[in-house]
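The residues making up each chain are set out below.
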Amino acid sequence: MKAKTLEDILILYVEDDEFIRNELIYFLEKKFKNIKVASNGEEGLELFEEYQPDIVITDIKMPKMSGIELSKYIRQKNSDTIIIVSSAHSETSLLDEAIEFGIDTFLIKPISLAQLYCTVQIAIEKIILKKQNEDTQNRLDETQKLLIESDKMAMLGNLVAGATHEINSPLGVGITSISHLTDISEKLKADYENEIMTQDNFESYLNSAIDLSKMTYINLQKASDLIKSFKTIAVDQALDDKKEFDLQSYLNEVIFSLNYVLKKVKVSVNIEASEKIQLNSYPGVFSQIFTNLINNSIKHGFENLEEGNINITLSKNDNEIKIIYHDNGNGIDKEKLPNIFDKFYTTKKGKGGTGLGLNIIKDLVENRLNGSITCESSKIEGTSFEIILKK
């Protein structure tokens, strides 16, 4: 719909009776700026094709092409065009037919000028309001995209912070081991040069060197694995590319990248799959969804609890993939459950809660993965999210 303001509204008036046509056109042109006039249905159709009016006012009975035929054609071409049909009392059967295929309103002849003005004015207000709603929805959609992108960037920031902390530990052990190996090697060299090295000294050195080498290798390998995992998750989130991946293996990578957070709150995560599930999808989206779900469990589900468990179950059949995410935390109050996916809905208002986490998850599941997500919760059993993805 192109019209935005009253001045932009274009009205097409189709009437074969010259006297009625001239009278109503004189009135309409005084009240509204953009008017096109046709004397029969065929002429009306040509003007509709050329100008794409916002409102069409047409008589029902006309030569060459009836108002019914014209209205049907318009409705098939453009569902937004408002169609106002004028008819005599004797044409009620035709009017019923017009109503069936979707005209917006009708006027009974003889047409009152006041009634015509009010009817057109209501139609214009409807058009402007619809356009305003479309613009508002477009702005909301853009805002939602920005929020998802902001959430992704925040996760990448947290990922870097967690990676730095996690990698520091094995690198620290590796550096300490190498430093100690250097010290005992220099001592052994000095003993050798001073000809005081004994067989016991040498054997002790060999044993220590082997142990220190193993310790260095293990910790450097751990650091390498951490870097590889963090790199995989970070690149997938940043690039947002579609690719082939094994779902269980990838989710294990995501959990591995969150170990720093999970260890602090004593939360364990277990992933089970009935069989291998290979996807051609967006791994970065899965990372964002499950990072948000885990963060949500930590902030809400396990609040004031000493420890917790999260179980993720993967299964598939011929038509769909089912993912069940369950935490054994506090659960969600029954009266709050219907609102948890609403934008800006949070139980942590004023305490750092934005009310965007679950809304972003729902948007990603539905709009990026073309799936669905539902939630069940109780104070006894905790909270479960079921994600269904069509294959």
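Above this text is the structure in question.
Everything numeric here is computed off the predicted structure, so don't read it as measured data. (Residues numbered from 1 in each chain as written. Predicted model: local features only at pLDDT ≥ 70, side-chain atom pairs only at ≥ 80, totals over all residues. Heavy atoms only, no water.)

Enquirer: Could you clarify how one ought to interpret the overall build of the protein chain in this entry?
Expert: A count of helical and extended segments in the protein chain gives 10 helices and 12 strands. For the protein chain, long-range pairs separated by at least 24 residues make up 70% of all intrachain contacts whose partners lie at least 6 apart in sequence. When the accessible surface of the protein chain is totalled, it reaches about 22,000 Å², and 51% of it is carbon and sulfur. (Helix = DSSP H or I, 4+ residues; strand = E, 2+ residues; numbered from the N terminus. Contact = heavy atoms within 4.5 Å. Areas by Shrake-Rupley, 256 points an atom, 1.4 Å probe, with all protein chains shown as cover.)

Enquirer: Hey, could you run me through the nonpolar core in this one?
Expert: Where a protein is soluble and globular, its nonpolar side chains tend to be buried together. Counting residues in hydrophobic clusters, the biggest one holds 39 residues, and the most contacted among them are Leu247, Phe286, Ile289, Phe290, Ile312, Ile323 and Phe385. When contributions to this core are tallied by element, the ones reaching two or more residues are helix H7 (247–257), strand E7 (267–273), helix H9 (283–301), strand E9 (308–316), strand E10 (320–327), helix H10 (357–368), strand E11 (371–378) and strand E12 (382–390). The dominant element in this core, judged by the number of residues it contributes, is H9, at seven residues. Aside from chain neighbours lying at most four places away, what touches Phe385 is Leu293, Ile323, Ile324, Tyr325, Ile340, Phe341, Leu358, Ile373, Thr374 and Cys375. Within the second largest apolar cluster, 21 residues are counted, among which are Leu24, Ile82, Ile111 and Ile127. (Core = buried A, V, L, I, M, F, W, Y, C linked by side-chain atoms within 4.5 Å. Buried < 20%, exposed > 50% of the residue type's maximum accessible area, 1.4 Å probe, protein only.)

Enquirer: Please clarify how the packing of aromatic side chains should be interpreted in this entry.
Expert: Where two aromatic rings form a pair, the distance of their centres and the angle of their planes describe that pair. Under the definition given, this model contains six aromatic pairs. Here Phe245 and Tyr250 contribute two aromatic rings whose centre-to-centre distance is 5.4 Å and whose plane-to-plane angle is 55°, an arrangement assigned as tilted. Take Tyr250: its relative accessible area is 6%, and that puts it in the buried class. The interplanar angle of 55° and the centroid separation of 6.5 Å between the aromatic rings of Phe290 and Tyr325 together place this pair among those described as tilted. Pair noted here: Phe290 is in helix H9 and Tyr325 is in strand E10, with a separation of 35 residues, a long-range link. Every member of this aromatic cluster is reached through a ring pair, and the members are Phe290, Tyr325, Phe341 and Phe385. Residue placement shows Lys36 over the ring face of Tyr51; its charged tip is 4.3 Å from the ring centre. (Phe/Tyr/Trp six-rings, centres within 6.5 Å; stacked < 30°, edge-to-face > 60°. Lys NZ or Arg CZ within 6 Å of the ring centre and 35° of its normal.)

Enquirer: When you look at the sheet that holds strand E2 (residues 34–38) in this model, what are you seeing that I'm missing?
Expert: Either a parallel or an antiparallel arrangement is found when strands of a sheet pair, and the pairing is made through backbone hydrogen bonds. The sheet built from five strands is open, its strands ordered E2-E1-E3-E4-E5 with parallel pairing. Where the open sheet ends on each side, the last strands, each with one partner, are E2 and strand E5 (105–108). For this sheet, the mean inter-axis angle between neighbouring strands, taken without regard to orientation, is 20°. For strand E1 (residues 10–14) and E2, the ladder comprises five bridges, and the chain directions are parallel. Pairing of Leu10 across the sheet is with Asn34, part of E2. Each of E1, E2 and strand E3 (55–59) touches helix H1 (residues 18–31); the most contacted strand, E2, lies at about 170° to it. (Pairing = 2+ DSSP bridges. Axes fitted to C-alpha atoms, helices over the stretch in contact; angles between N-to-C directions.)

Enquirer: Can you walk me through H1 in this structure?
Expert: The terminal C-alpha atoms of H1 lie 20 Å apart, and with 14 residues this matches the ideal 20 Å at 1.5 Å per residue to within 8%. Here H1 has its buried residues at Arg21, Leu24, Ile25, Phe27 and Leu28. Buried residues along H1 cover an arc of 170° about the axis, so they all sit on one side. Away from its buried face, by an angle of more than 90 degrees, H1 presents the exposed residues Glu18, Phe19, Tyr26 and Lys30. (Expected span 1.5 Å × (residues − 1). Arc of directions from axis to C-beta.)

Enquirer: How should I be thinking about the pattern of salt bridges in this particular structure?
Expert: Pairing is possible between side chains that carry opposite charge, provided their charged atoms lie close to one another. With the rule as written, the count across this model stands at 11 salt bridges. Of the charged contacts, one joins Asp246 and Lys276 as a salt bridge, the two residues approaching to 3.4 Å between their closest N and O atoms. Taken together, the residues Asp246 in strand E6 (residues 243–246) and Lys276 in the loop between E7 and strand E8 (278–281) connect sequence positions 30 residues apart. Look at Asp246 and you get buried, because its relative accessible area is 14%. By relative accessible area, which is 58% here, Lys276 ends up exposed. The shortest N-O distance in the salt bridge between Lys390 and Glu320 comes to 3.5 Å. With Lys390 in strand E12 and Glu320 in strand E10, this pair connects stretches of sequence that are 70 residues apart. Each member of the salt-bridge network shares a partner with another, and the members are Glu15, Asp59 and Lys109. (Salt bridge = Lys/Arg side-chain N within 4 Å of Asp/Glu carboxyl O.)

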